[in-house]
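Summary of structural features
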Amino acid sequence: MAESSVPNTAAPGGWFSRAMRQFRPLHEHSAFSATLLLMSTVLLSRIMGFIREVYIARTFGAGWKTDAFYAAFTIPDWLNYIVAGGTASITFVSIYSKFLAEKKEDEAQKTFSVILTVMGAAMVGGILLGEVFTSQLVRLMFGNKFSLEQFDLCVFLTRILLPAQFFFYAGGVVSAVLLARRLFLLPALGPLVYNGGIIFGGLLFSHFLGISSLAYGAVAGAFIGIFLINAIGAARVGAWYRPSFDTKNEAFRKWIKLSIPLMLGVSLVSVDDWFLRYFAAGSLGDISRLNYAKRLFQVPVSILGQAAGQASYPFFARLFEEKRVQELSNTVNGSVYRAVAASLLLASFMISAALPLIDIVYHHGHFTPSDAQETSVYFFWFSISLAFWAAQALYTRAYYASGNTLTPMIASSLVTLASLPAYKILFQLHGATGLAIASDVGIAANCITMAILVHRQKLVLMNQLNWAELGKSGLTAIVGGILSYKVAVGLMTGGGVVADLKVLFIAGLTWAAATAAGLWLTRSTLLADLRKKSS
(Lines give C-alpha, C1' and ligand atoms only; values in the text may rest on other atoms or scores of the structure.)
Protein backbone atom coordinates (compact mmCIF):
# COMPACT_ATOMS: atom_id res chain seq x y z
CA MET A 1 0.00 0.00 0.00
CA ALA A 2 1.30 3.44 -0.88
CA GLU A 3 2.32 5.66 1.99
CA SER A 4 -0.27 8.30 2.78
CA SER A 5 0.59 11.86 1.85
CA VAL A 6 -1.44 13.23 4.72
CA PRO A 7 0.87 14.55 7.47
CA ASN A 8 0.71 12.73 10.77
CA THR A 9 -0.18 15.58 13.07
CA ALA A 10 -0.35 13.27 16.04
CA ALA A 11 3.24 12.10 15.61
CA PRO A 12 5.45 12.78 18.59
CA GLY A 13 7.41 15.43 16.73
CA GLY A 14 4.46 16.91 14.83
CA TRP A 15 3.24 20.45 15.29
CA PHE A 16 -0.07 19.30 16.75
CA SER A 17 1.63 17.16 19.37
CA ARG A 18 4.01 19.98 20.27
CA ALA A 19 1.09 22.39 20.58
CA MET A 20 -0.89 20.04 22.80
CA ARG A 21 2.09 19.57 25.12
CA GLN A 22 1.86 23.25 26.03
CA PHE A 23 -1.52 22.54 27.67
CA ARG A 24 -0.41 19.64 29.82
CA PRO A 25 -0.70 20.74 33.48
CA LEU A 26 2.86 19.70 34.36
CA HIS A 27 4.59 20.78 31.12
CA GLU A 28 7.72 22.89 31.70
CA HIS A 29 7.65 26.04 29.59
CA SER A 30 10.16 28.29 27.88
CA ALA A 31 9.80 32.08 28.15
CA PHE A 32 8.09 32.19 24.75
CA SER A 33 5.68 29.29 25.33
CA ALA A 34 4.90 30.57 28.84
CA THR A 35 4.05 33.99 27.46
CA LEU A 36 1.79 32.48 24.78
CA LEU A 37 0.10 30.21 27.29
CA LEU A 38 -0.49 32.99 29.79
CA MET A 39 -1.71 35.36 27.12
CA SER A 40 -4.22 32.70 26.04
CA THR A 41 -5.41 31.83 29.54
CA VAL A 42 -5.41 35.44 30.74
CA LEU A 43 -7.45 36.35 27.67
CA LEU A 44 -9.91 33.57 28.52
CA SER A 45 -9.95 34.69 32.14
CA ARG A 46 -10.65 38.30 31.18
CA ILE A 47 -13.34 37.14 28.78
CA MET A 48 -14.85 35.20 31.68
CA GLY A 49 -14.48 38.27 33.89
CA PHE A 50 -16.01 40.32 31.12
CA ILE A 51 -18.96 37.90 30.94
CA ARG A 52 -19.22 38.20 34.71
CA GLU A 53 -19.51 41.98 34.50
CA VAL A 54 -22.01 41.75 31.65
CA TYR A 55 -24.12 39.36 33.71
CA ILE A 56 -23.99 41.65 36.77
CA ALA A 57 -24.77 44.76 34.71
CA ARG A 58 -27.72 43.18 32.93
CA THR A 59 -29.09 41.47 36.04
CA PHE A 60 -28.52 44.16 38.66
CA GLY A 61 -27.81 47.32 36.61
CA ALA A 62 -25.75 50.19 38.03
CA GLY A 63 -27.34 51.27 41.30
CA TRP A 64 -26.91 51.25 45.04
CA LYS A 65 -26.81 47.44 45.32
CA THR A 66 -24.05 47.02 42.75
CA ASP A 67 -22.16 49.95 44.27
CA ALA A 68 -22.33 48.17 47.65
CA PHE A 69 -21.21 44.89 46.06
CA TYR A 70 -18.11 46.37 44.43
CA ALA A 71 -17.33 48.46 47.51
CA ALA A 72 -17.47 45.28 49.61
CA PHE A 73 -14.28 44.04 47.91
CA THR A 74 -12.26 46.97 49.27
CA ILE A 75 -11.65 45.77 52.85
CA PRO A 76 -10.85 42.15 51.82
CA ASP A 77 -8.51 43.42 49.09
CA TRP A 78 -6.85 45.74 51.59
CA LEU A 79 -6.34 42.86 54.05
CA ASN A 80 -4.81 40.68 51.35
CA TYR A 81 -2.52 43.50 50.30
CA ILE A 82 -1.32 44.19 53.86
CA VAL A 83 -0.70 40.53 54.75
CA ALA A 84 0.43 39.22 51.38
CA GLY A 85 1.43 42.27 49.36
CA GLY A 86 2.10 40.19 46.26
CA THR A 87 4.81 38.32 48.14
CA ALA A 88 3.84 34.85 46.95
CA SER A 89 4.17 35.58 43.26
CA ILE A 90 7.25 37.83 43.55
CA THR A 91 9.60 37.18 46.47
CA PHE A 92 8.83 33.52 47.14
CA VAL A 93 9.32 32.54 43.49
CA SER A 94 12.90 33.80 43.51
CA ILE A 95 13.75 32.10 46.84
CA TYR A 96 12.15 28.81 45.85
CA SER A 97 13.80 28.93 42.41
CA LYS A 98 17.22 29.36 43.99
CA PHE A 99 16.71 26.28 46.16
CA LEU A 100 15.69 24.25 43.11
CA ALA A 101 18.72 25.45 41.15
CA GLU A 102 20.96 24.36 44.03
CA LYS A 103 19.20 20.97 44.25
CA LYS A 104 18.00 21.73 47.80
CA GLU A 105 14.48 20.32 47.47
CA ASP A 106 14.01 19.66 51.19
CA GLU A 107 15.03 23.21 52.10
CA ALA A 108 12.61 24.55 49.52
CA GLN A 109 9.74 22.57 51.02
CA LYS A 110 10.62 23.52 54.61
CA THR A 111 10.60 27.20 53.66
CA PHE A 112 7.32 26.71 51.80
CA SER A 113 5.79 25.12 54.92
CA VAL A 114 6.98 27.87 57.27
CA ILE A 115 5.76 30.68 55.01
CA LEU A 116 2.38 29.07 54.43
CA THR A 117 1.90 28.30 58.14
CA VAL A 118 3.06 31.60 59.66
CA MET A 119 1.50 33.95 57.15
CA GLY A 120 -1.58 31.75 56.80
CA ALA A 121 -2.11 32.12 60.53
CA ALA A 122 -1.64 35.88 60.22
CA MET A 123 -4.23 35.94 57.44
CA VAL A 124 -6.73 33.97 59.54
CA GLY A 125 -6.18 36.42 62.40
CA GLY A 126 -6.73 39.34 60.05
CA ILE A 127 -9.93 37.78 58.72
CA LEU A 128 -11.30 37.26 62.23
CA LEU A 129 -10.54 40.87 63.17
CA GLY A 130 -12.11 42.01 59.92
CA GLU A 131 -15.28 40.04 60.67
CA VAL A 132 -15.55 41.62 64.12
CA PHE A 133 -14.84 45.20 63.04
CA THR A 134 -16.41 45.19 59.57
CA SER A 135 -18.83 48.02 60.31
CA GLN A 136 -16.11 50.27 61.65
CA LEU A 137 -13.78 49.53 58.73
CA VAL A 138 -16.44 50.20 56.11
CA ARG A 139 -17.34 53.44 57.90
CA LEU A 140 -13.66 54.40 57.99
CA MET A 141 -13.27 53.66 54.28
CA PHE A 142 -16.42 55.30 52.94
CA GLY A 143 -17.47 57.66 55.72
CA ASN A 144 -21.13 58.67 55.45
CA LYS A 145 -21.32 58.47 51.67
CA PHE A 146 -23.68 55.46 51.71
CA SER A 147 -27.31 55.38 52.76
CA LEU A 148 -28.08 53.21 55.81
CA GLU A 149 -29.48 50.41 53.63
CA GLN A 150 -26.48 50.54 51.28
CA PHE A 151 -24.06 50.61 54.23
CA ASP A 152 -25.67 47.54 55.82
CA LEU A 153 -25.52 45.64 52.53
CA CYS A 154 -21.85 46.55 52.05
CA VAL A 155 -21.03 45.32 55.58
CA PHE A 156 -22.92 42.06 55.00
CA LEU A 157 -21.19 41.37 51.68
CA THR A 158 -17.77 42.27 53.10
CA ARG A 159 -18.19 39.66 55.82
CA ILE A 160 -19.02 37.03 53.19
CA LEU A 161 -15.97 37.93 51.07
CA LEU A 162 -13.35 38.12 53.83
CA PRO A 163 -12.69 34.34 54.15
CA ALA A 164 -11.84 34.16 50.45
CA GLN A 165 -8.62 36.04 51.21
CA PHE A 166 -7.15 32.99 52.94
CA PHE A 167 -7.65 30.97 49.76
CA PHE A 168 -6.09 33.76 47.70
CA TYR A 169 -3.03 33.86 49.94
CA ALA A 170 -2.58 30.09 50.32
CA GLY A 171 -3.27 29.59 46.62
CA GLY A 172 -0.72 32.26 45.77
CA VAL A 173 2.00 30.54 47.79
CA VAL A 174 1.17 27.14 46.31
CA SER A 175 1.06 28.51 42.76
CA ALA A 176 4.50 30.05 43.34
CA VAL A 177 5.81 26.50 43.74
CA LEU A 178 4.50 25.71 40.26
CA LEU A 179 5.74 28.97 38.73
CA ALA A 180 9.24 28.39 40.11
CA ARG A 181 9.22 25.05 38.29
CA ARG A 182 8.05 26.85 35.13
CA LEU A 183 4.65 25.13 35.30
CA PHE A 184 2.23 27.87 34.28
CA LEU A 185 -1.03 26.22 33.23
CA LEU A 186 -2.70 25.57 36.60
CA PRO A 187 -1.89 29.02 38.08
CA ALA A 188 -3.23 30.55 34.88
CA LEU A 189 -6.50 28.59 35.11
CA GLY A 190 -7.28 29.83 38.64
CA PRO A 191 -8.84 33.17 37.66
CA LEU A 192 -11.02 31.40 35.09
CA VAL A 193 -12.54 29.21 37.77
CA TYR A 194 -12.83 32.15 40.19
CA ASN A 195 -14.81 34.25 37.72
CA GLY A 196 -16.88 31.21 36.84
CA GLY A 197 -17.74 30.80 40.51
CA ILE A 198 -19.18 34.32 40.68
CA ILE A 199 -21.25 33.78 37.53
CA PHE A 200 -22.60 30.40 38.59
CA GLY A 201 -23.31 31.70 42.08
CA GLY A 202 -25.51 34.37 40.54
CA LEU A 203 -27.17 32.08 38.02
CA LEU A 204 -27.99 29.40 40.57
CA PHE A 205 -28.89 31.41 43.66
CA SER A 206 -29.68 35.04 42.75
CA HIS A 207 -33.43 34.36 42.90
CA PHE A 208 -33.05 33.29 46.54
CA LEU A 209 -30.08 35.30 47.78
CA GLY A 210 -30.10 38.36 45.55
CA ILE A 211 -26.77 40.08 44.93
CA SER A 212 -25.16 38.24 47.86
CA SER A 213 -25.17 35.11 45.65
CA LEU A 214 -22.29 36.72 43.75
CA ALA A 215 -20.25 37.04 46.95
CA TYR A 216 -20.83 33.41 47.92
CA GLY A 217 -19.82 32.41 44.38
CA ALA A 218 -16.62 34.43 44.74
CA VAL A 219 -15.65 32.52 47.88
CA ALA A 220 -16.33 29.16 46.22
CA GLY A 221 -14.37 30.22 43.13
CA ALA A 222 -11.41 31.33 45.25
CA PHE A 223 -11.33 28.00 47.09
CA ILE A 224 -11.56 25.80 44.01
CA GLY A 225 -9.77 27.88 41.39
CA ILE A 226 -7.11 29.79 43.29
CA PHE A 227 -6.27 27.26 46.02
CA LEU A 228 -7.45 23.70 45.37
CA ILE A 229 -6.37 23.34 41.72
CA ASN A 230 -2.88 24.67 42.46
CA ALA A 231 -2.56 22.55 45.62
CA ILE A 232 -3.32 19.40 43.65
CA GLY A 233 -0.78 20.42 40.99
CA ALA A 234 1.92 21.12 43.58
CA ALA A 235 1.32 17.75 45.22
CA ARG A 236 1.66 16.08 41.80
CA VAL A 237 5.17 17.50 41.36
CA GLY A 238 6.30 16.30 44.77
CA ALA A 239 5.78 19.41 46.89
CA TRP A 240 4.85 18.64 50.48
CA TYR A 241 3.56 20.67 53.40
CA ARG A 242 4.13 20.21 57.13
CA PRO A 243 2.75 22.82 59.57
CA SER A 244 5.74 24.73 60.91
CA PHE A 245 6.25 27.91 62.94
CA ASP A 246 10.05 27.76 62.61
CA THR A 247 10.54 31.51 62.31
CA LYS A 248 14.31 31.03 62.74
CA ASN A 249 14.46 29.44 59.28
CA GLU A 250 17.08 31.47 57.40
CA ALA A 251 15.19 31.47 54.10
CA PHE A 252 11.98 32.52 55.87
CA ARG A 253 13.79 35.50 57.39
CA LYS A 254 15.17 36.42 53.98
CA TRP A 255 11.65 36.18 52.57
CA ILE A 256 10.35 38.46 55.35
CA LYS A 257 13.10 40.99 54.59
CA LEU A 258 12.17 41.00 50.89
CA SER A 259 8.43 40.99 51.56
CA ILE A 260 8.07 43.75 54.15
CA PRO A 261 8.46 46.53 51.56
CA LEU A 262 5.72 44.93 49.47
CA MET A 263 3.46 44.57 52.49
CA LEU A 264 3.98 48.11 53.75
CA GLY A 265 4.36 49.88 50.43
CA VAL A 266 1.39 51.17 48.48
CA SER A 267 1.37 50.72 44.71
CA LEU A 268 -1.07 52.68 42.57
CA VAL A 269 -1.54 49.54 40.47
CA SER A 270 -3.28 47.97 43.47
CA VAL A 271 -4.99 50.96 45.07
CA ASP A 272 -6.30 52.67 41.93
CA ASP A 273 -9.58 50.78 42.32
CA TRP A 274 -9.75 51.79 45.98
CA PHE A 275 -9.39 55.47 45.08
CA LEU A 276 -12.05 55.16 42.39
CA ARG A 277 -14.50 53.53 44.81
CA TYR A 278 -13.79 55.97 47.64
CA PHE A 279 -14.34 59.17 45.66
CA ALA A 280 -17.25 57.79 43.58
CA ALA A 281 -19.12 56.42 46.59
CA GLY A 282 -21.23 59.55 47.02
CA SER A 283 -22.68 59.41 43.51
CA LEU A 284 -25.28 56.72 42.86
CA GLY A 285 -24.11 54.17 40.29
CA ASP A 286 -20.68 55.68 39.61
CA ILE A 287 -18.76 52.94 41.43
CA SER A 288 -20.49 50.38 39.23
CA ARG A 289 -20.07 52.29 35.96
CA LEU A 290 -16.38 52.96 36.64
CA ASN A 291 -15.95 49.30 37.51
CA TYR A 292 -17.63 48.12 34.29
CA ALA A 293 -15.40 50.42 32.21
CA LYS A 294 -12.25 49.37 34.09
CA ARG A 295 -12.98 45.64 33.80
CA LEU A 296 -13.42 45.88 30.03
CA PHE A 297 -10.25 47.97 29.81
CA GLN A 298 -8.34 45.36 31.81
CA VAL A 299 -8.87 42.71 29.15
CA PRO A 300 -6.07 44.12 26.95
CA VAL A 301 -4.10 45.24 30.03
CA SER A 302 -3.96 41.66 31.24
CA ILE A 303 -2.79 40.31 27.91
CA LEU A 304 -0.21 42.97 27.08
CA GLY A 305 1.05 43.63 30.61
CA GLN A 306 0.03 41.08 33.22
CA ALA A 307 0.53 37.91 31.18
CA ALA A 308 3.84 39.02 29.69
CA GLY A 309 5.11 40.21 33.09
CA GLN A 310 4.03 37.08 34.94
CA ALA A 311 5.54 34.78 32.32
CA SER A 312 8.76 36.78 32.05
CA TYR A 313 9.53 37.24 35.75
CA PRO A 314 11.12 33.81 36.43
CA PHE A 315 13.32 34.29 33.35
CA PHE A 316 14.27 37.85 34.35
CA ALA A 317 15.27 36.51 37.78
CA ARG A 318 17.34 33.73 36.24
CA LEU A 319 19.20 36.14 33.93
CA PHE A 320 20.05 38.37 36.89
CA GLU A 321 21.17 35.44 39.06
CA GLU A 322 23.45 34.31 36.22
CA LYS A 323 24.83 37.89 35.95
CA ARG A 324 23.70 38.19 32.32
CA VAL A 325 22.70 41.82 32.87
CA GLN A 326 23.05 42.97 29.27
CA GLU A 327 20.86 40.09 28.13
CA LEU A 328 18.35 41.04 30.84
CA SER A 329 18.31 44.63 29.54
CA ASN A 330 17.82 43.47 25.95
CA THR A 331 15.07 41.04 26.95
CA VAL A 332 13.11 43.59 28.99
CA ASN A 333 13.53 46.32 26.35
CA GLY A 334 12.31 43.95 23.67
CA SER A 335 9.27 43.00 25.74
CA VAL A 336 8.50 46.64 26.59
CA TYR A 337 8.82 47.73 22.96
CA ARG A 338 6.46 45.06 21.68
CA ALA A 339 3.94 45.59 24.50
CA VAL A 340 3.91 49.39 24.19
CA ALA A 341 3.77 49.46 20.38
CA ALA A 342 0.86 47.00 20.34
CA SER A 343 -0.84 48.96 23.15
CA LEU A 344 -0.64 52.25 21.26
CA LEU A 345 -2.30 50.74 18.19
CA LEU A 346 -4.97 48.87 20.12
CA ALA A 347 -5.76 51.84 22.37
CA SER A 348 -6.41 54.03 19.31
CA PHE A 349 -9.21 51.66 18.30
CA MET A 350 -10.58 51.34 21.84
CA ILE A 351 -10.77 55.12 22.16
CA SER A 352 -12.47 55.58 18.81
CA ALA A 353 -15.03 52.81 19.35
CA ALA A 354 -15.74 53.35 23.06
CA LEU A 355 -19.48 54.01 22.80
CA PRO A 356 -20.48 51.17 20.44
CA LEU A 357 -18.26 48.77 22.41
CA ILE A 358 -19.87 49.63 25.74
CA ASP A 359 -23.33 49.74 24.18
CA ILE A 360 -22.97 46.24 22.72
CA VAL A 361 -21.48 44.78 25.87
CA TYR A 362 -23.59 46.24 28.66
CA HIS A 363 -26.71 47.97 27.29
CA HIS A 364 -29.29 45.30 28.12
CA GLY A 365 -31.60 44.45 30.99
CA HIS A 366 -31.20 46.86 33.91
CA PHE A 367 -28.28 48.72 32.29
CA THR A 368 -29.80 51.85 30.71
CA PRO A 369 -28.70 53.94 27.68
CA SER A 370 -27.53 56.71 30.00
CA ASP A 371 -25.45 54.15 31.93
CA ALA A 372 -23.86 53.08 28.64
CA GLN A 373 -23.12 56.68 27.65
CA GLU A 374 -21.41 57.49 30.96
CA THR A 375 -19.50 54.19 31.05
CA SER A 376 -18.19 54.76 27.52
CA VAL A 377 -16.71 58.11 28.60
CA TYR A 378 -14.85 56.41 31.44
CA PHE A 379 -13.68 53.65 29.09
CA PHE A 380 -12.45 56.30 26.63
CA TRP A 381 -10.22 57.88 29.27
CA PHE A 382 -8.99 54.61 30.75
CA SER A 383 -7.90 53.46 27.28
CA ILE A 384 -5.43 56.33 26.94
CA SER A 385 -3.19 54.77 29.59
CA LEU A 386 -3.02 51.24 28.10
CA ALA A 387 0.65 51.52 27.09
CA PHE A 388 1.65 52.70 30.58
CA TRP A 389 -0.18 49.80 32.26
CA ALA A 390 1.56 47.32 29.96
CA ALA A 391 5.07 48.77 30.36
CA GLN A 392 5.00 49.25 34.13
CA ALA A 393 4.29 45.54 34.70
CA LEU A 394 7.51 44.64 32.87
CA TYR A 395 9.69 47.35 34.41
CA THR A 396 8.52 46.50 37.93
CA ARG A 397 9.25 42.80 37.55
CA ALA A 398 12.67 43.57 36.08
CA TYR A 399 13.50 45.48 39.27
CA TYR A 400 12.11 42.73 41.50
CA ALA A 401 14.26 40.21 39.60
CA SER A 402 17.33 41.94 41.05
CA GLY A 403 16.14 41.02 44.56
CA ASN A 404 15.50 44.65 45.54
CA THR A 405 11.90 45.21 46.58
CA LEU A 406 12.51 48.15 48.90
CA THR A 407 13.47 50.82 46.36
CA PRO A 408 10.61 50.25 43.89
CA MET A 409 8.02 50.08 46.65
CA ILE A 410 9.24 53.32 48.26
CA ALA A 411 9.06 54.96 44.85
CA SER A 412 5.60 53.50 44.14
CA SER A 413 4.33 54.62 47.53
CA LEU A 414 5.57 58.17 46.92
CA VAL A 415 3.93 58.20 43.48
CA THR A 416 0.67 56.96 45.03
CA LEU A 417 0.69 59.62 47.74
CA ALA A 418 1.51 62.31 45.18
CA SER A 419 -1.34 61.08 42.94
CA LEU A 420 -4.00 61.22 45.66
CA PRO A 421 -4.53 65.00 45.37
CA ALA A 422 -4.98 64.57 41.61
CA TYR A 423 -7.89 62.17 42.22
CA LYS A 424 -9.47 64.61 44.66
CA ILE A 425 -9.01 67.72 42.50
CA LEU A 426 -10.05 66.11 39.21
CA PHE A 427 -13.08 64.52 40.88
CA GLN A 428 -14.15 67.92 42.19
CA LEU A 429 -13.68 69.45 38.74
CA HIS A 430 -15.03 66.71 36.46
CA GLY A 431 -16.82 64.16 38.64
CA ALA A 432 -16.29 60.47 37.90
CA THR A 433 -14.72 61.34 34.54
CA GLY A 434 -12.02 63.17 36.47
CA LEU A 435 -11.29 59.97 38.38
CA ALA A 436 -10.59 58.11 35.12
CA ILE A 437 -8.27 60.94 34.04
CA ALA A 438 -6.52 60.87 37.43
CA SER A 439 -6.01 57.13 37.02
CA ASP A 440 -4.23 57.82 33.71
CA VAL A 441 -2.00 60.47 35.27
CA GLY A 442 -1.11 58.25 38.22
CA ILE A 443 -0.25 55.12 36.24
CA ALA A 444 1.80 57.17 33.76
CA ALA A 445 3.81 58.63 36.66
CA ASN A 446 4.25 55.15 38.15
CA CYS A 447 5.47 53.69 34.85
CA ILE A 448 7.92 56.50 34.16
CA THR A 449 9.28 56.23 37.71
CA MET A 450 9.88 52.49 37.32
CA ALA A 451 11.59 53.02 33.96
CA ILE A 452 13.93 55.62 35.46
CA LEU A 453 14.75 53.37 38.41
CA VAL A 454 15.76 50.35 36.31
CA HIS A 455 17.75 52.64 34.02
CA ARG A 456 19.68 54.23 36.90
CA GLN A 457 20.43 50.76 38.26
CA LYS A 458 21.72 49.83 34.78
CA LEU A 459 19.30 46.90 34.74
CA VAL A 460 17.32 48.09 31.71
CA LEU A 461 18.82 50.92 29.68
CA MET A 462 16.14 53.23 28.30
CA ASN A 463 18.38 54.53 25.50
CA GLN A 464 18.45 50.98 24.08
CA LEU A 465 14.66 50.86 23.73
CA ASN A 466 13.50 50.80 20.11
CA TRP A 467 12.30 54.41 20.11
CA ALA A 468 12.19 54.66 16.30
CA GLU A 469 9.66 51.84 16.00
CA LEU A 470 7.66 53.19 18.93
CA GLY A 471 7.46 56.55 17.13
CA LYS A 472 6.15 54.84 13.99
CA SER A 473 3.53 52.97 16.01
CA GLY A 474 2.51 56.13 17.87
CA LEU A 475 2.08 58.14 14.68
CA THR A 476 0.12 55.33 13.04
CA ALA A 477 -2.08 55.01 16.15
CA ILE A 478 -2.94 58.73 16.13
CA VAL A 479 -3.91 58.75 12.44
CA GLY A 480 -5.82 55.47 12.63
CA GLY A 481 -7.60 56.52 15.82
CA ILE A 482 -8.72 59.88 14.43
CA LEU A 483 -10.04 58.35 11.19
CA SER A 484 -11.92 55.52 12.92
CA TYR A 485 -13.30 57.93 15.57
CA LYS A 486 -14.73 60.21 12.87
CA VAL A 487 -16.32 57.22 11.17
CA ALA A 488 -17.80 55.95 14.45
CA VAL A 489 -19.21 59.36 15.42
CA GLY A 490 -20.70 59.84 11.97
CA LEU A 491 -22.47 56.48 12.03
CA MET A 492 -23.69 56.35 15.66
CA THR A 493 -27.48 56.58 15.69
CA GLY A 494 -28.34 54.86 18.96
CA GLY A 495 -30.36 52.33 17.00
CA GLY A 496 -29.65 49.20 19.05
CA VAL A 497 -27.29 46.24 18.84
CA VAL A 498 -27.44 45.83 15.04
CA ALA A 499 -26.60 49.49 14.50
CA ASP A 500 -23.80 49.29 17.08
CA LEU A 501 -22.33 46.23 15.39
CA LYS A 502 -22.43 48.03 12.05
CA VAL A 503 -20.60 51.02 13.52
CA LEU A 504 -18.06 48.80 15.22
CA PHE A 505 -17.43 46.81 12.05
CA ILE A 506 -16.98 49.82 9.77
CA ALA A 507 -14.90 51.74 12.31
CA GLY A 508 -12.82 48.61 12.84
CA LEU A 509 -12.20 48.23 9.11
CA THR A 510 -11.19 51.89 8.90
CA TRP A 511 -8.79 51.48 11.82
CA ALA A 512 -7.32 48.26 10.42
CA ALA A 513 -6.79 49.79 6.97
CA ALA A 514 -5.26 52.97 8.40
CA THR A 515 -3.01 50.96 10.73
CA ALA A 516 -1.83 48.64 7.96
CA ALA A 517 -1.16 51.59 5.66
CA GLY A 518 0.66 53.51 8.38
CA LEU A 519 2.94 50.61 9.30
CA TRP A 520 3.67 49.99 5.60
CA LEU A 521 4.38 53.64 4.78
CA THR A 522 6.69 54.04 7.76
CA ARG A 523 8.37 50.70 6.94
CA SER A 524 7.73 49.50 10.45
CA THR A 525 9.10 46.12 11.50
CA LEU A 526 6.55 45.77 14.32
CA LEU A 527 4.55 42.91 12.82
CA ALA A 528 7.70 40.90 12.18
CA ASP A 529 8.99 41.72 15.68
CA LEU A 530 5.74 40.55 17.28
CA ARG A 531 6.19 37.15 15.63
CA LYS A 532 9.71 36.69 17.00
CA LYS A 533 10.30 34.50 19.99
CA SER A 534 11.46 36.45 23.00
CA SER A 535 14.70 35.49 24.66
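Keep in mind that this is a model prediction, so the values were computed, not measured.

For the protein, the helix and strand inventory stands at 23 helices and zero strands. Relative to its 535 residues, the protein shows a buried fraction of 56%. For the protein, contacts bridging at least 24 residues in sequence account for 84% of all contacts bridging at least 6. Of the roughly 23,200 Å² that the protein leaves accessible, carbon and sulfur atoms contribute 67%.

The subject of this paragraph is the nonpolar core. Core analysis: the biggest nonpolar cluster contains 112 residues, and Y362, F379 and Y395 have the highest contact counts within it. Sort the elements by how many residues they give to this core and helix α15 (residues 325–352) lands first, with twelve residues. Membership of the second largest hydrophobic core comes to 37 residues, among which are Y96, L178, A251 and F252.

What follows concerns the packing of aromatic side chains. Aromatic ring pairs are defined here through the distance separating the ring centres and the angle between the ring planes. Using the criterion set out here, one finds 20 aromatic pairs in the structure. Relative to F427, the ring of F279 lies with its centre 6.0 Å away and its plane at 45°, an arrangement referred to as tilted. In this pair, F279 sits in helix α13 (residues 268–280) while F427 sits in helix α19 (residues 406–430), placing the two residues 148 residues apart along the sequence. Note on F279: relative accessible area 10%, which makes it buried.

The N-to-C vectors of helix α18 (residues 386–401) and helix α20 (residues 432–456) enclose an angle of 35°; their axes lie 9 Å apart at closest approach. As for how α18 packs across α20, the hand of that crossing is left-handed. Where α18 approaches α20, its residues F388, W389, A391, Q392, Y395, T396 and Y399 are matched on the opposing element by S439, I443, A444, N446, C447, I448, M450, A451, L453 and V454. Classifying every residue of the contact of α18 with α20 gives 13 nonpolar, four polar and no charged.

Applying the stated criterion across every chain, the model contains two cavities of 30 Å³ or more. The calculated volume of the second largest cavity comes to roughly 70 Å³. What lines the second largest cavity is simply D273, L276, R277, I287, L290, N291, K294 and R295. Secondary-structure elements contributing two or more residues to the lining of the second largest cavity are α13 and α14 (286–321). Looking at the lining of the second largest cavity element by element, the count peaks at five residues for α14. Of the residues belonging to the lining of the second largest cavity, the class tally is three nonpolar, one polar and four charged.

This part covers helix α7 (residues 134–142). Every buried residue of α7 is listed here: T134, V138, M141 and F142. The arc that holds the buried residues of α7, viewed along the axis, is 75°, so those residues lie on one side. Those residues of α7 that are buried are in contact with α3 (64–71), α4 (74–83), α6 (105–132), α8 (148–161) and α13.

With respect to the element layout, I351 can be found in helix α15. Put simply, I351 and F382 are 31 residues apart on the chain and 8.8 Å apart in space, counted from C-alpha to C-alpha. When near neighbours in sequence (up to four residues on either side) are disregarded, I351 contacts F380, S383, I384 and Y485.

Criteria and cut-off values
For every chain, the first residue of the written sequence is number 1, and numbering continues from 1 along that sequence. Predicted model: local features are reported for residues with pLDDT of at least 70 only, side-chain atom pairs are reported and counted for 80 or more only, and whole-chain, interface and lining totals are derived from all residues. Hydrogens and water are ignored here; the side-chain numbers use all heavy atoms of the structure. By definition, any uninterrupted DSSP run of H or I lasting at least four residues is a helix, any uninterrupted run of E lasting at least two residues is a strand, and each is numbered from the N terminus. Here the term buried applies to any residue with accessible area under 20% of the maximum for its type, exposed to any over 50%, and partly exposed to those in between, with areas from a 1.4 Å probe on protein chains only. By definition in these notes, contact holds between two residues if any of their heavy atoms fall within 4.5 Å. Only the protein chains shown count as cover for residues, and all accessible areas are computed by the Shrake-Rupley method using a 1.4 Å probe. Only buried residues count toward a nonpolar core. Its members are Ala, Val, Leu, Ile, Met, Phe, Trp, Tyr and Cys residues joined through side-chain atoms within 4.5 Å. To pair, rings of Phe, Tyr and Trp, with the six-membered ring standing in for Trp, must have centres within 6.5 Å; the planes then decide the type, stacked if under 30 degrees apart, edge-to-face if over 60, and tilted in the middle. A fitted line through C-alpha atoms represents every axis, and for helices the fit uses only the stretch in contact; the resulting angles, taken between N-to-C directions, go from 0 to 180 degrees. Take the far helix as your reference; a near helix turned counterclockwise from it by less than a right angle gives a left-handed crossing, and one turned clockwise gives a right-handed crossing. Classes in brief: Ala, Val, Leu, Ile, Met, Phe, Trp, Tyr, Cys and Pro nonpolar; Asp, Glu, Lys and Arg charged; the others, Gly included, polar. In this analysis the probe radius is 1.4 Å and the grid spacing 1 Å, with only protein atoms considered; a cavity is a set of points the probe fits into but cannot get out of, a pocket is an open set with protein on both sides within 12 Å along at least five of seven lines, and lining residues have an atom within 4 Å of a point. Grid points are joined across faces, edges and corners, and a volume is the space filled by probe spheres set on the points. Each direction from the helix axis to a C-beta atom contributes to the arc, which is the arc of those directions.

In short, geometric facts, not functional conclusions.
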